[in-house]
Each structure stands twice: as C-alpha cells, then as structure tokens.
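Structural description and commentary
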Amino acid sequence: MDIRTEDSPNGGRYMIGEVGQQAIMTFSRASSKLVIVDHTEVPDQFRGQGIGVKLSEHAVEAARKGGWKIIPLCPFFKAQVERHPEWNDVISH
C-alpha cells in the first residue's frame, strides 16, 4: 500500500487507503525544524496489518529527509518511538 502525503505550511497528514477507508497520521509544524505527530487513526479493517507502524516509519523517514525533529504527542506514535530506539536521531525529547 502506498502512503500519500498532504502537506501545508501548518501541518499535514500521511494516509494509506481510500477516502472513507483510510489510516491517517496527522502532524502539525511547530517550526521549520520541528514537527508534532499528534494523531494516528487506523480503521478496524486495517488493524493487525502493521499499517500504523508503516505510517510511523514513513514519518521518521520524512523527518530524516526533511532535516527536522519530531515531538511524539500521539500515544500510538510515542509507543512506537519507545520500541524503536534507532529513531532517536529524529525524536525531540
């Protein structure tokens, strides 16, 4: 499944699936070098497929490519950060 990005100066979201049936991770921009991942939503039909993890990995890779840090406000994303210490290079503690 492809991950699509909607981005604006204030924030955006990463999405998997079709409109009405999609998993979403939203983020807001605190500055040009700091992003807050604030929400992850995975519909029931996607549960157990690792979709939330894929969205998390995508956010980390986007931060690495974009040169910014992430504040993990979303409880799901925060739990993933704790499981993946290799992401610490882009996590703001």
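Attention here is on the structure that accompanies the text. (Residues numbered from 1 in each chain as written. Predicted model: local features only at pLDDT ≥ 70, side-chain atom pairs only at ≥ 80, totals over all residues. Heavy atoms only, no water.)

Ordered by their spatial adjacency, five strands build an open sheet running 1-2-3-4-5, and the pairing between neighbours is mixed. Every interior strand has two partners, whereas the edge strands, strand 1 (4–8) and strand 5 (69–72), have only one. Taking each pair of neighbouring strands and ignoring which way they run, the sheet shows an average axis angle of 25°. Here strand 4 (residues 34–41) pairs with strand 5 via four bridges, running parallel. Residue pairing across strands places V37 opposite P72, the latter belonging to strand 5. Across the sheet, helix 1 (residues 51–66) is in contact with strand 1, strand 2 (11–18), strand 3 (21–31) and strand 5; its angle to strand 2 comes to roughly 140°. (Pairing = 2+ DSSP bridges. Helix = DSSP H or I, 4+ residues; strand = E, 2+ residues; numbered from the N terminus. Axes fitted to C-alpha atoms, helices over the stretch in contact; angles between N-to-C directions. Contact = heavy atoms within 4.5 Å.)

Let us look at the environment of L55. Its place among the elements puts L55 in helix 1. L55 sits 15 residues away from T40 along the chain, and the two C-alpha atoms are 8.5 Å apart. What L55 contacts, discounting residues up to four positions off in sequence, is I3, Y14, M15, I16, A23, I24 and M25.

As enumerated under the stated definition, the model contains five salt bridges in all. With its nearest N and O atoms 2.8 Å apart, the salt bridge here joins E6 to R13. Judged by its relative accessible area of 39%, E6 is partly exposed. Accessibility expressed as a relative area gives 25% for R13, which makes it partly exposed. In this structure, R64 engages D89 in a salt bridge whose closest nitrogen and oxygen atoms are separated by 2.9 Å. Taken together, the positions of R64 in helix 1 and D89 in the segment after helix 2 (75–83) put the pair 25 residues apart, joining distant regions of the chain. The class of D89 is partly exposed, set by a relative accessible area of 42%. Here the salt bridges share partners, and the residues they tie into one network are E61, R64 and D89. (Salt bridge = Lys/Arg side-chain N within 4 Å of Asp/Glu carboxyl O. Buried < 20%, exposed > 50% of the residue type's maximum accessible area, 1.4 Å probe, protein only.)

Functional significance is not addressed by these values, which are geometric in nature.
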